[in-house]
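A closer look at the structure
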Amino acid sequence: MPVVVRNTIEFQGMSAGRHISASLLCVLMLFGAANAQQAGSGIPREDVPANCLQAVLAEQQLTRSLREIREPLPHLSRDEAIQVRRDYNKLLYNGFTGEADTKTVRTYLEYLILRASDPDFSSIPSNGQQLLKDVESDLQRAGSSVGNPSTQLTMRRKFCGEMLTTSKKLLTNSLDARITAVSVMKFLHESKAVPGGAAARLYPEALASLIDVLTSAEQPDSVKVFAASGLRYVLRNCDVIETEQFRICDAIGMELKRPCTQAAFQLTLLEALMEISRPRKTVGGSEPTAMKSFVDVLNDRSRPIEVRCMAALGIGRGSFDTQMKLQPLAWKIAQLAGDAALEFNRNTGDDKWPSCGAALIFAFSHYSDNETGGSLTERKGLLNRAGNSPPAAITDAAPLVRMIGIKLIQNSEGFTGNEVQPLATWIQENKPTNLKWDNTQPELNAN
């Protein structure tokens, strides 16, 4: 049983209506398919460092022990809940303030949510799916009969608070229960999205709870990965103020620094960072936000190669400003491509290679033409972010890295010496004299 399971990567800004070349579409499909992989199995992968073996085994054992919990939390029976549902619906639409009304809402929410702690309920996947659909539906309807916007916001906040309090009871229960709690948190919108207008706003305490789960020493990575995915969902679908984005970046950065975490968890953390829209902190210093973590991961040659490839993609697509120097990063990504080619020859056919190859390619390039215009900070890919006349350090590296990336996507035959020699020569002859990529950050490793 895997410790951490990842969702398939979704490419930002892509839809069936875009004009995409057939070859590019094929690459994107390969990228998505490859990232449906799972990290590890009942026995850790052979590439787990020896000093991490016990930590990975401990994570697996903790996950198994959580799966075995059989402690259903008290809640109404289905027949009892049906009797309460009518009053609950009225309070859901109109709001509630008094103690008796609050108890009615709380009692029904316990039935709705705490069923996830019942192993018989959770053993049927469709039950959990329906539970989350019911939660989302109720949140959409909450306060809908309240005409005054200020009063409606107050009522929705109160409802979100009750739902959050109930959900948090699951965080010390079974694995399925904890995952349900985290899944509910990401839906707790205190204000709904306006079609063609403002994005939804998450209930602040729900965001704080997601961050707490992510950084908690009491939660296994098999739960934390859902918190990271939830934060990604919130960043993508909600209006998250910049100070909260900074909190998310700090939390993810802490998790990325933890030793001995599995590759799938690290990949999910990096995917969440790609949704950060503020490139640099404006309080507590002026260091980069997401880019700092992308660079730290890229710069660490002891990390799993697929994780470093994802970091390279983040450097080309994540939040960026023109204070950041791209030439040292382009050289470091070229070095990563060389590392990937060497490891590929030792492990050809692994399902991580297509996604790694695509990440290397799109670190330099764009997915579609609409990503090449606008301001430099809006563009995607180092070739576009470097302006209309990119420096040779980027234009020369890009085709060499692309060649490596294409062969990784094909994932069939290993590299010959003649194929990798041009990249090796370029890396050796073009190492920047200054490897400092941001004035607030240390230089990149020269080796």
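Scroll up to find the structure.
Read on for a plain summary of the structure. (Residues numbered from 1 in each chain as written. Predicted model: local features only at pLDDT ≥ 70, side-chain atom pairs only at ≥ 80, totals over all residues. Heavy atoms only, no water.)

**Points about the overall build of the chain**
When helices and strands are tallied, the chain shows 20 helices and four strands. For the chain, buried positions account for 52% of its 447 residues. Partitioning the contacts of the chain with sequence separation of at least 6, the portion at a separation of at least 24 is 70%. Counting every atom, the chain has about 19900 Å² of accessible surface; 51% of that belongs to carbon and sulfur. (Helix = DSSP H or I, 4+ residues; strand = E, 2+ residues; numbered from the N terminus. Buried < 20%, exposed > 50% of the residue type's maximum accessible area, 1.4 Å probe, protein only. Contact = heavy atoms within 4.5 Å. Areas by Shrake-Rupley, 256 points an atom, 1.4 Å probe, with all protein chains shown as cover.)

**Let's talk about the environment of Gly387**
One can find Gly387 in the loop between helix H17 (382-385) and helix H18 (392-395). C-alpha of Gly387 to C-alpha of Thr372: the two residues are 15 residues apart in sequence and 9.7 Å apart in space.

**A short note on the state of the cysteines**
In protein structure, a disulfide is the covalent linkage between the sulfur atoms of two cysteines. In the structure shown here, the tally under the stated rule is two disulfides. One disulfide in the model links Cys52 with Cys260; its S-S distance is 2.1 Å. Sign of the S-S torsion, about -75° for the bond between Cys52 and Cys260, identifies this disulfide as left-handed. Taken together, the positions of Cys52 in the loop between strand S2 (38-39) and helix H2 (53-67) and Cys260 in the loop between helix H11 (242-257) and helix H12 (263-273) put the pair 208 residues apart, joining distant regions of the chain. A relative accessible area of 8% places Cys52 in the buried class. By relative accessible area, which is 24% here, Cys260 ends up partly exposed. Each sulfur of the disulfide joining Cys309 and Cys356 lies 1.8 Å from the other. Of the two residues, Cys309 sits in helix H14 (residues 305-317) while Cys356 sits in helix H16 (residues 353-364), which places them 47 residues apart along the sequence. Look at Cys309 and you get buried, because its relative accessible area is 0%. (Disulfide = S-S within 2.5 Å.)

**A closer look at helix H6 (residues 125-141)**
Residue pairs three or four apart in sequence face the same way in an α-helix, which turns once every 3.6 residues. Here H6 is 17 residues long and its end C-alpha atoms lie 25 Å apart, about the 24 Å a rise of 1.5 Å per residue gives. Residues Leu131, Val135, Asp138, Leu139 and Arg141 constitute the buried set of H6. Each buried residue of H6 sits inside an arc of 165° when the element is viewed along its axis, so together they form one side. Of the exposed residues in H6, the ones pointing more than 90 degrees away from its buried face are Pro125 and Lys133. Residues of H6 that are buried make contact with helix H3 (78-94), helix H4 (99-114), helix H5 (119-122), helix H7 (149-168) and helix H8 (175-185). Following H6 by one or two positions, Gly143 adopts a phi angle in the positive range, close to 75°. (Expected span 1.5 Å × (residues − 1). Arc of directions from axis to C-beta.)

**Some words on unusual backbone geometry**
With a phi close to 70°, Cys260 is a non-glycine residue in the positive phi region. Even without a glycine there, the phi angle at Asn411 is positive, about 55°. Note that Asn411 resides in the loop between helix H19 (397-410) and helix H20 (417-429). Owing to a relative accessible area of 16%, Asn411 belongs among the buried residues under this scheme.

**Some thoughts on the side chain of Ser209**
Considering the arrangement of structural elements, one finds Ser209 in helix H9 (residues 204-215). Here the side chain of Ser209 touches Glu205 through a polar contact of 2.9 Å, landing on its backbone oxygen. When residues no more than four places from it in sequence are discounted, the contact partners of Ser209 are Leu164, Lys168 and Met185. (Polar contact = N/O pair within 3.5 Å; in protein donor to acceptor, adjacent residues only side chain to side chain.)

**Describing the nonpolar core**
Counting residues in each nonpolar core, the largest one holds 122 residues, and the members touching the most others are Phe159, Leu188 and Phe364. In terms of residue count, helix H15 (residues 326-346) provides more of this core than any other element does, 11 residues in total. (Core = buried A, V, L, I, M, F, W, Y, C linked by side-chain atoms within 4.5 Å.)

**Here's the deal with helix H10 (residues 221-237)**
Taking 1.5 Å per residue, 17 residues should reach 24 Å; H10 reaches 24 Å between its end C-alpha atoms and fits that length. In terms of burial, H10 is a largely internal element, 13 of the 17 residues being buried.

**A short note on the environment of Pro304**
Take Pro304: it is sitting in the loop between helix H13 (290-299) and H14. Owing to a relative accessible area of 26%, Pro304 belongs among the partly exposed residues under this scheme. With 42 residues separating them in the primary sequence, Pro304 and Gln262 have C-alpha atoms 8.8 Å apart. Excluding residues within four positions of it along the chain, Pro304 makes contact with Ala263 and Gln266.

**Some details on the packing of H16 against H19**
Packed helices, taken two at a time, are described by the angle between their axes plus the distance between the axes. Their axes nearest at 7 Å, the elements H16 and H19 cross at an angle of 160°. In terms of axis orientation, H16 runs roughly antiparallel to H19. The way H16 lies across H19 gives a crossing that is left-handed. On H19, the residues touching Trp353, Pro354, Cys356, Gly357, Ala358, Leu360, Ile361 and Phe364 of H16 are Ala397, Ala398, Val401, Arg402, Ile404, Gly405, Ile406, Leu408 and Ile409. For the contact of H16 with H19, the per-class residue count stands at 14 nonpolar, two polar and one charged. (Axes fitted to C-alpha atoms, helices over the stretch in contact; angles between N-to-C directions. Parallel < 35°, antiparallel > 145°, perpendicular 65-115°, else oblique. Left-handed = near helix turned anticlockwise from the far one by under 90°. Nonpolar A, V, L, I, M, F, W, Y, C, P; charged D, E, K, R; others polar.)

**Some details on the packing of aromatic side chains**
What the rule picks out here adds up to seven aromatic pairs. An aromatic cluster is built from Tyr88, Tyr108, Tyr111 and Phe159, whose rings are joined through pairwise contacts. Arg317 extends its terminal NZ or CZ atom over the ring of Tyr367, reaching a point 3.4 Å from the ring centre. Sitting above the plane of the Phe415 ring, Lys407 keeps its charged end 5.5 Å from the centroid. (Phe/Tyr/Trp six-rings, centres within 6.5 Å; stacked < 30°, edge-to-face > 60°. Lys NZ or Arg CZ within 6 Å of the ring centre and 35° of its normal.)

**Quick look at the pattern of salt bridges**
Evaluation of the coordinates by the stated rule reveals 26 salt bridges. Residues Glu255 and Lys224 are paired through a salt bridge, measuring 3.3 Å at the closest nitrogen-oxygen approach. In this pair, Glu255 is assigned in helix H11 and Lys224 in helix H10, connecting sequence segments 31 residues apart. Judged on exposure class, the residue Glu255 and its partner Lys224 are both buried. (Salt bridge = Lys/Arg side-chain N within 4 Å of Asp/Glu carboxyl O.)

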